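Here is how the chains run, residue by residue.
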Amino acid sequence: MSRSTFKSRFVLFAFATVTVFLALYGLHTFKETVRSLLAGRMAGNTQDNTFLLIQLILWAVVAYLAVRAVRVLLFELVFRLRRGYEAPTLVKNIFSIVAFTILFVVIFNRLYPGVNLGALFTTSAIFGVILGLALQDTLGNFFAGISLHADRPFQVGDVIAVGAQKHTGVVESISWRAIKIRTFQNHIVLISNSSAAKEAIEVCPRNNLNARLVYFNTLYSDSPAKAIHIVRESVREAENVSDKITPIVRIRNLGESGIEYEVKYWLDDYARYNDTDALVRQRIWYAFRRARLTFNFPTRTVELERKSRHSVMESDQGALIERLSAVDIFAPLSGEETATLAQASVRHVFAPSETVIRAGDAGSSMFVVHHGRVQVQLTENGQSRAVAVLNDGDFFGEMALLTGEPRTANVVAVEETEVLEIGHEAMKKLFDTNPDLVESLSHIISERRKGLADHAEGPDVADESDGILASIKRFFRL
Ligand code: CMP
């Protein structure tokens, strides 16, 4: 309950209490006046009964107010402070009903000492039948609610799916009448306790690692080992996929037109499974693209596709040559050398926030940003710090490739990014014919190492380009 609600309820409560006590005081002080007033209008002992009834109503209101006050004190303050969470509504309601009934019986016996309240209820068969029929559903819900609270099969915050209609959503409250869930379309669904008690309920507890399954497929020509590896690696990196259990990728069927797989992963926050499933499918698509794997959709116009593929490849090659010749370190290369380099380079697409290079890994290739943007990051005490942002035409990954040392930083795609990967062999060929290239690269590496040292707040690094040059030459046997 918010502070302002609490305040306004308190004012209302104080007002009601003062009013009812004033009414009781007035009734007692001006007892005779009220009686004679009633006597003027009513015959016989009707006036006495009316007087008693007014008293009964006023005292019942006092009892109600007292129960409310004790309920707030007991549950909103004491219980919450001790246990740290709110008491279930059902428990609070049971307390109120029982406490009020006891007080009401006490008041009734005082005002009507000769009347047996219990007998009044039990001897009236018609009253019993009417009450029974009227309360059939209510009592059903009430007792089902009690058993739900006793069993505690789920709690507020859990995701549940109820019945054949599969009402799925996050539990918002469990009252004496119904379970309230918020669906993933942000609708509220109320399921009465008695109908929930008859249905099968699937529970995904909040503090439990709940799993999801997503399906995909490949052509028969694609290697299952490769598909399983690349999908597992890309899914485990997706946001909200728990790192406590490694995702499982397995073949579920050898289908008509391809191999069918399922990937099973566990979620940190199950309530966000729709977004995570979508992200996982997206990651699979990107991983497939990079690993040259193909989904097994039927291809009808094989000839047409081959033709168009050929022309696409030619225009692609032109774009690669254009990109590489715009990279400053490759500017001195001849047209033929650039074309050979373009042919040797491999294109990869990365999704936003996917890691292209991980610090500490071994690396035998460098990358040129074809389209997009990447960020070079250092991780310290679990916190990432940006060192540089590289755009179209910039390159990275040259340090490990040229020196043979582990990767010095993480490189992460900021947006969807296409990179060209250039391997050890292709670079060696270039060095044999362009010895100056080694020198310009050693200067760049030296500058970047200084940049890394500045961001790591370590001691300043001197210009080591001569040492780097020597180690590149040694590593490439130049
Ligand atoms: P490598 O060590 O192979 O892998 C991480 C890459 O991040 C590294 O090569 C460089 O290409 C790049 N990198 C490291 N430091 C910097 C920097 N200061 N500025 C730009 N790029 C950097």
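Just above, that's the structure.
Residues numbered from 1 in each chain as written. Predicted model: local features only at pLDDT ≥ 70, side-chain atom pairs only at ≥ 80, totals over all residues. Heavy atoms only, no water.

## Some details on helix α11 (residues 335-344)
Moving on, step 1. Within α11 the residues assigned to the buried category are E337, T338, L341 and A342. Along the axis of α11, the buried positions cluster into a sector of 140 degrees, meaning they face one direction only. The outward face of α11, more than 90 degrees from its buried face, is lined by the exposed residues G335, E336 and Q343. (Buried < 20%, exposed > 50% of the residue type's maximum accessible area, 1.4 Å probe, protein only. Helix = DSSP H or I, 4+ residues; strand = E, 2+ residues; numbered from the N terminus. Arc of directions from axis to C-beta.)

## Remarks on the side chain of T218
Moving on, step 1. For T218, the location among the structural elements is in strand β6 (residues 210-218).
Moving on, step 2. T218 sits in the buried class, given a relative accessible area of 0%.
Moving on, step 3. The contacts of T218, once residues within four sequence positions are left out, are A227, G258, I259, Y261, F288, T294, F295 and N296. (Contact = heavy atoms within 4.5 Å.)

## Some points on helix α4 (residues 89-111)
Moving on, step 1. Along its 23 residues, α4 runs 33 Å from first to last C-alpha, staying within 8% of the 33 Å computed at 1.5 Å per residue.
Moving on, step 2. Listed as buried for α4 are L90, K92, N93, S96, A99, I107, F108 and L111. (Expected span 1.5 Å × (residues − 1).)

## Side note on the pattern of salt bridges
Moving on, step 1. Overall, the coordinates contain 19 salt bridges when judged by the stated rule.
Moving on, step 2. Residues R347 and E418 are paired through a salt bridge, measuring 2.6 Å at the closest nitrogen-oxygen approach. Within this pair, whereas R347 is found in strand β9 (residues 346-350), its partner E418 is found in strand β16 (residues 417-423), the two being separated by 71 residues in sequence.
Moving on, step 3. Look at R347 and you get partly exposed, because its relative accessible area is 21%.
Moving on, step 4. Judged by relative accessible area, which is 12%, E418 ranks as buried.
Moving on, step 5. Counted as one network, the salt bridges with shared partners bring together E239, D269 and R272. (Salt bridge = Lys/Arg side-chain N within 4 Å of Asp/Glu carboxyl O.)

## Here's the deal with the pairing of β16
Moving on, step 1. Within β16, 5 of the 7 residues are buried, leaving the element largely enclosed by the surrounding structure.
Moving on, step 2. With 5 bridges connecting them, β9 and β16 associate as antiparallel partners. When the sheet's bridge partners are listed, H348 is paired in β16 with V419.
Moving on, step 3. In this sheet, β16 lies alongside strand β11 (residues 365-371) in antiparallel orientation, the contact comprising 6 bridges. Across the sheet, residue H371 finds its bridge partner in β16, namely E418. (Pairing = 2+ DSSP bridges.)

## Brief notes about the sheet that holds strand β8 (residues 259-267)
Moving on, step 1. The antiparallel open sheet is built from 3 strands, whose spatial order is β6-β8-β7. Looking along the sheet, the strands with just one partner apiece sit at the ends: β6 and β7 (248-254). Pairs of neighbouring strands in the sheet enclose a mean axial angle of 25 degrees, with direction left out of account.
Moving on, step 2. Relative to β8, β6 runs antiparallel, the two being bridged by 9 bridges. Bridging from a neighbouring strand, T218 pairs with I259 of β8.
Moving on, step 3. Along the sheet face, helix α8 (residues 224-236) touches β6, β7 and β8 and points at about 25 degrees away from the line of β8.
Moving on, step 4. Running over the sheet, helix α9 (residues 273-291) touches β6 and β8 and is turned about 30 degrees from β6. (Axes fitted to C-alpha atoms, helices over the stretch in contact; angles between N-to-C directions.)

## Focus: the sheet that holds strand β3 (residues 178-183)
Moving on, step 1. If you trace the 5 strands from one edge of the open sheet to the other, you get β4-β3-β2-β1-β5, paired in antiparallel fashion. With partners counted over all chains shown, the strands left at the sheet margins are β4 (188-192) and β5 (201-204), one partner each. Put simply, the sheet's adjacent strands are angled 40 degrees from each other on average, direction ignored.
Moving on, step 2. Pairing between β3 and β4: 5 bridges, direction antiparallel. Across the sheet, K180 pairs through a bridge with L190, a residue of β4.

## Details of the site of the ligand
Moving on, step 1. Around the ligand, the surrounding shell holds 16 residues, and the nearest of these are G397, E398, A400, R407 and T408.
Moving on, step 2. A distance of 2.7 Å separates an oxygen atom of the ligand from a polar atom in the side chain of E398.
Moving on, step 3. At a separation of 2.6 Å, an oxygen atom of the ligand approaches a polar side-chain atom of T408.
Moving on, step 4. Within the complex, the protein chains bury 95% of what would otherwise be the 460 Å² of accessible surface of the ligand.
Moving on, step 5. Counting residues per element, the ones that place at least two in the shell around the ligand are β13 (383-390), α12 (398-403) and α14 (435-455). (Near = heavy atom within 4 Å. Polar contact = N/O pair within 3.5 Å; in protein donor to acceptor, adjacent residues only side chain to side chain. Areas by Shrake-Rupley, 256 points an atom, 1.4 Å probe, with all protein chains shown as cover.)

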